Amino acid sequence: MAVSKARDKAAFLAFFDPAIEYHYHVGSRPLIGVEWVDRFITKYWRDHSETEWVLMNWAENGDVILTEGREDYVNAAGVAISHPYMGFIEFRDGKIVAWRDYFQMQDPAAH
């Protein structure tokens, strides 16, 4: 969360296993490999500013964590957004090997 807020891409990507499987939106094609996560986060950070993850609840079972919270950010149009989400993150040897996000794809501020 801290390196994401700081936009430290090298530190952010260092958390991922090279073969990460990231489902940034369940139902969409997953990103396989850290290179795809790099491309995704580059675009995401370009279109979102003042990003802050707020973790409200979590459950841990071995190398898996389930998170619930919201992401507060300003979108490309300059609108402040508070976007609820849930996530599933699996670790192996200290690296993220699988990540699935669950959220409403439409911008919550859209009418």
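Provided above is the structure to which this section pertains.
Small disclaimer: the values here were computed from a predicted structure and weren't measured.

Caption draft 1: Focus on the packing of aromatic side chains. All told, the structure shown has nine aromatic pairs when counted by the stated rule. Taking 5.7 Å as the distance between ring centres and 85 degrees as the angle between the ring planes, the aromatic pair formed by Tyr-22 and Phe-40 counts as edge-to-face. Here Tyr-22 is found in strand E1 (residues 16-23), whereas its partner Phe-40 is found in helix H3 (residues 34-47), with 18 residues between them in sequence. A residue is classified by how much of its surface remains accessible, and Phe-40, at 21% relative accessible area, is partly exposed. Ring centres of Phe-40 and Tyr-44 lie 5.7 Å apart, and the angle between their planes is 20 degrees; on these two criteria the pair is classed as stacked. With Phe-40 and Tyr-44 both in helix H3 and four residues apart, the pair spans about one turn of that helix. Three or more aromatic residues joined by ring pairs make a cluster, and in this case those are Phe-12, Phe-16, Tyr-22, Tyr-24, Phe-40, Tyr-44, Trp-45, Trp-53 and Trp-99. Taking the ring centre of Trp-36 as reference, the NZ or CZ of Arg-29 above it sits at 5.1 Å. Over the ring of Phe-88 we find Arg-100, and its NZ or CZ is 4.1 Å from the ring centre.

Calculation rules
- Residues numbered from 1 in each chain as written.
- Predicted model: local features only at pLDDT ≥ 70, side-chain atom pairs only at ≥ 80, totals over all residues.
- Heavy atoms only, no water.
- Phe/Tyr/Trp six-rings, centres within 6.5 Å; stacked < 30°, edge-to-face > 60°.
- Helix = DSSP H or I, 4+ residues; strand = E, 2+ residues; numbered from the N terminus.
- Buried < 20%, exposed > 50% of the residue type's maximum accessible area, 1.4 Å probe, protein only.
- Lys NZ or Arg CZ within 6 Å of the ring centre and 35° of its normal.

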